[in-house]
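In case you want the letters, here they are:
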Amino acid sequence: MSSTLVVETREIDPVEDLLAAADPARPLAWLRRGDGIVAVGAPLRELRASAGSTGLRSSALATAWRYLASGARIDDPVALPGTGLVAFGALAFDEKSASDSVLVIPSQVIGRHGHTFWRTTIRVADADAPVVTEDQPYGPHWAGTVGPGAQSPQGYQDSVRQALGRIAQGELSKVVLARDLTGTIPAGSDLRRLVRALSTGYPDTWAFAVDGLIGASPETLVTVQNRTVTARVLAGTVGRGADADADTAASAALASSTKDLDEHQYAVQSVLASLRPHTRALAASEQPFLLKLPNLFHLATDVEGELAEGESALDLIGALHPTAAVAGTPTTIAIGVIRELEPFDRGRYAGPVGWVDAAGNGEWAIALRCAQFDAGDDDIHVTAYAGAGIVAGSDPESELLETRVKFRPLVDALA
């Protein structure tokens, strides 16, 4: 049997709701401001890399993807981001995680970019073209509740104190510590409802669903389009105020906070150092700007460069992840501290999530404001995560409150 992939993209009439075409139980989606791509029907193939893979898992997936894409026959007159041969990806945060890193190759995709809509079919050369499936009506509304998981609120504050002790001893400058919430939702729940709630409630984030990981991330890891590399660094956070005056005060406090500006600078320098070997003409804005989300403000800096020859978005992921924004500084020491102080495996939380195409273009975010959904015998298990950056001067209670703010988008959507 041939392993050559045959890929055909064609423009289609406008689609009112891309998500209506997705699988209710295992949606595959990547959406932002109404644009994006959604898989239709069963996936064609999955590429997986597990703990113990030789070298970085991202490198193993990049090699497998390069091989698969190099032999594909692609007919794509639309030529927009997300057309042609694509794979959806979600990678584990830690190389030692028990969770797989995965690239899922769909059999069909529908997508939108501005006013253009398309359908892509992907098949093996000697197989029939996939049947165009009908939209599936949304299942009934459902609700889920989550409560403290392996890390209790008190346990989290204790971990923050331990981290502050390590920082005071000079072991590291910053570590990002997370906590988890766990719960269940009814078996057979239509998970597209959660993706839709996150996508409409937080339109400026990347709303994603890949292999049971569903969330809405404000943080781009890296984007490659026509070999132009862009990345947005977020570090330094404050909750929004209850009214306009409190909002102005909160944003002014963040913009002038030495602690947050230092934390942000660590993250920017980490990203620049990681990207330089893979890019040309790399530059970052001199001062961070304030990114306003419905529930909080972030300090943000944009980075831009040109992709070096022979590289792809997956290679950049391997170079960038984990960033100081989700691990700490120095990163290798921070990862060790995270393994010690977090009483759970992060899985794909704070790992790369996004898509890649045959030319190495792609959009990748950091999997934040997210939860992992895994089907059990009687219901669907949910584990949600949120974290905060700990630096000298951090206050354990304030960091706990920051995680509560970050949990809110997902907890609200679950309810």
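Residues numbered from 1 in each chain as written. Predicted model: local features only at pLDDT ≥ 70, side-chain atom pairs only at ≥ 80, totals over all residues. Heavy atoms only, no water.

By the naming in an unreviewed UniProt entry, the protein goes by isochorismate synthase and is assigned to Microbacterium saperdae. Under the UniProt heading Sequence similarities (unreviewed entry), the entry covering the protein gives this text: "Belongs to the isochorismate synthase family." The annotation that UniProt attaches to the protein under Catalytic activity (unreviewed entry) is "chorismate = isochorismate". (UniProt positions renumbered as here; feature names shortened; annotations may be inferred.)

Draft legend 1. Geometry of the packing of aromatic side chains. Across all of its chains, the model carries 3 aromatic pairs by this definition. Here the aromatic rings of W30 and W206 are separated by 5.0 Å at their centres, their planes lie at 20°, and the arrangement is stacked. Taken together, the residues span a long stretch of sequence, with W30 in strand β2 (residues 29-32) and W206 in strand β10 (residues 206-210) at a distance of 176 residues. Pair check on accessibility: W30 and W206 agree, each one buried. Both rings, one in F344 and one in Y385, keep their centres 5.7 Å apart while their planes meet at 45°; by these two values the pair is tilted. Of the two residues, F344 sits in the loop between α7 (331-341) and β18 (352-357) while Y385 sits in strand β21 (residues 379-391), which places them 41 residues apart along the sequence. (Phe/Tyr/Trp six-rings, centres within 6.5 Å; stacked < 30°, edge-to-face > 60°. Helix = DSSP H or I, 4+ residues; strand = E, 2+ residues; numbered from the N terminus. Buried < 20%, exposed > 50% of the residue type's maximum accessible area, 1.4 Å probe, protein only.)

Draft legend 2. How the structure looks around helix α1 (residues 57-70). End to end, α1 covers 20 Å across 14 residues, agreeing with the expected 20 Å (1.5 Å per residue, within 8%). Among the residues of α1, R57, S58, L61, A62, W65, L68 and A69 are the ones counted as buried. Along the axis of α1, the buried positions cluster into a sector of 135°, meaning they face one direction only. Exposed side of α1, more than 90 degrees from the buried face: Y67 and S70 are the residues found there. In this structure, the buried residues of α1 make contact with β1 (5-12), β3 (35-49), β5 (86-90), β6 (101-113), α6 (313-320) and β18. (Expected span 1.5 Å × (residues − 1). Arc of directions from axis to C-beta. Contact = heavy atoms within 4.5 Å.)

Draft legend 3. Main features of the pattern of salt bridges. Here the structure, examined in full by the defined rule, presents 26 salt bridges. With its nearest N and O atoms 3.7 Å apart, the salt bridge here joins E8 to R10. Here E402 and K406 are joined by a salt bridge, their closest N and O atoms 2.7 Å apart. Separated by 4 residues within a single helix, E402 and K406 lie in helix α8 (residues 396-414), roughly one turn from each other. A relative accessible area of 11% places K406 in the buried class. Linked through salt bridges whose partners overlap, the residues forming this network are R26, E46, R48, D100, D211 and R348. (Salt bridge = Lys/Arg side-chain N within 4 Å of Asp/Glu carboxyl O.)

Draft legend 4. Seen up close, the environment of Q136. Topologically, Q136 is positioned in the loop between β7 (116-124) and β8 (145-148). Exposure remark for Q136: the relative accessible area of 37% places this residue in the partly exposed category. Residues Q136 and A20, spaced 116 residues apart in sequence, show a C-alpha to C-alpha distance of 6.0 Å. Those residues within four positions of Q136 in sequence are excluded, and the remaining contacts are A20, A22, D23, P24 and R192.

Draft legend 5. Region of the structure containing empty space enclosed by the protein. With the rule as written, the count across this model stands at 3 cavities of 30 Å³ or more. Considering only enclosed or pocket space, the largest cavity measures out at about 220 Å³ in volume. Within the residue set of the lining of the largest cavity, elements represented by two or more residues are β9 (174-186), β13 (228-239), β21 and α8. In terms of residue count, the dominant contributor to the lining of the largest cavity is β21 (5 residues). Looking at the lining of the largest cavity, its residues break down into 12 nonpolar, 5 polar and 6 charged. (1 Å grid on protein atoms, 1.4 Å probe; cavity = no way out; pocket = protein on both sides within 12 Å on 5 of 7 lines; lining within 4 Å. Points joined across faces, edges and corners; volume = space filled by probe spheres on them. Nonpolar A, V, L, I, M, F, W, Y, C, P; charged D, E, K, R; others polar.)

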